[in-house]
Amino acid sequence: MAVSDWDDKFMGFIKNAGEHMKKVGQEAKAVASSVVGEAQDMVNQAKDPETKKKAQAKLDEVTNWSKKWLGDTADKVSGALKSGVASTSNTAATLVDDPNKPKSS
């Protein structure tokens, strides 16, 4: 391969790489512009008083639901523990010899 052939191929590669980088740059600008636009829309929505009211109402609803659910769950767990303790106590009492119970031989 002659030096000029190698130079031509190398320059072709550089030219193609430059064109590719130019396309990538244009695509990156388009994506960045889209992302910035979406972010600006989100900021505008967050600043909107009506959106704030709706978000706060939904947050309050979720908070109340979770408090109720946690309270109900705590009551169920507490009841299950008390039931388990009572059951264990009853079982232990039956396993211990009752002094009034006649002994079998």
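To be clear, the structure that these remarks concern was listed above.
Per chain, the residues get numbers from 1 upward, laid out in the order the sequence is written. Two thresholds apply to this predicted model, a pLDDT of at least 70 for residue-level local features and 80 or more for giving and counting side-chain atom pairs, whereas whole-chain, interface and lining totals are computed over all residues. In computing side-chain properties, one takes all heavy atoms of the structure into account and sets aside hydrogens as well as water.

Caption draft 1: The arrangement of the overall build of the protein in detail. Secondary structure elements are taken from DSSP: a helix is a run of H or I of four residues or more, a strand is a run of E of two residues or more, and numbering for both begins at the N terminus. For the protein, the count of helices and strands is two helices and zero strands. To sort residues, take the accessible area from a 1.4 Å probe on protein chains only and compare it with the maximum for the residue type: under 20% means buried, over 50% means exposed, and anything in between is partly exposed. Buried residues in the protein amount to 0% of all 105 residues. About 9700 Å² of surface is accessible on the protein, with carbon and sulfur atoms providing 62% of the total. Every accessible area reported is derived by Shrake-Rupley at a probe size of 1.4 Å, with residue values counting cover from the shown protein chains alone.

Caption draft 2: Structural view of the packing of aromatic side chains. What counts as a ring pair is set by centres within 6.5 Å for rings of Phe, Tyr and Trp (its six-membered ring), and what kind of pair is set by the plane angle: stacked under 30 degrees, edge-to-face over 60, tilted for all other angles. Enumeration according to the criterion identifies two aromatic pairs in this entry. Between Trp-6 and Phe-10 the ring centres are 5.3 Å apart and the planes differ by 5°, which places this aromatic pair in the stacked class. In this pair, Trp-6 and Phe-10 both sit in helix H1 (residues 3-47), four residues apart, roughly one turn of the helix. Of the residues examined, Phe-10 reaches a relative accessible area of 39% and is grouped as partly exposed.

Caption draft 3: Broad picture of the pattern of salt bridges. One side-chain nitrogen of Lys or Arg within 4 Å of one carboxyl oxygen of Asp or Glu is enough to make a salt bridge. Taken as a whole, this structure holds two salt bridges when the rule is applied. Note that Glu-61 and Lys-58 form a salt bridge whose closest N and O atoms lie 3.8 Å from each other. Here the residue Glu-61 and the residue Lys-58 both occupy positions in helix H2 (residues 49-95), the gap between them amounting to three residues, near one helical turn. The class for Glu-61 is partly exposed, based on a relative accessible area of 48%. Among the salt bridges present, the one from Lys-68 reaches Asp-72, with a minimum N-O distance of 2.9 Å. Remark: Asp-72 and Lys-68 occur in helix H2; sequence separation between them is four residues, near one turn of the helix. The class of Asp-72 is partly exposed, set by a relative accessible area of 33%.

Caption draft 4: Quick peek at a nonpolar patch on the surface. Within this analysis, patches are made of residues with over 30% relative accessible area and no salt bridge. Like charges are joined at 9 Å or less; nonpolar side chains (Val, Leu, Ile, Met, Phe, Trp, Tyr) at 5 Å or less. Taken together, the side chains of Trp-6, Phe-10, Met-11, Phe-13 and Ile-14 make up a nonpolar region of the molecular surface, amounting to roughly 560 Å² of accessible area. Take Phe-13: its relative accessible area is 55%, and that puts it in the exposed class.

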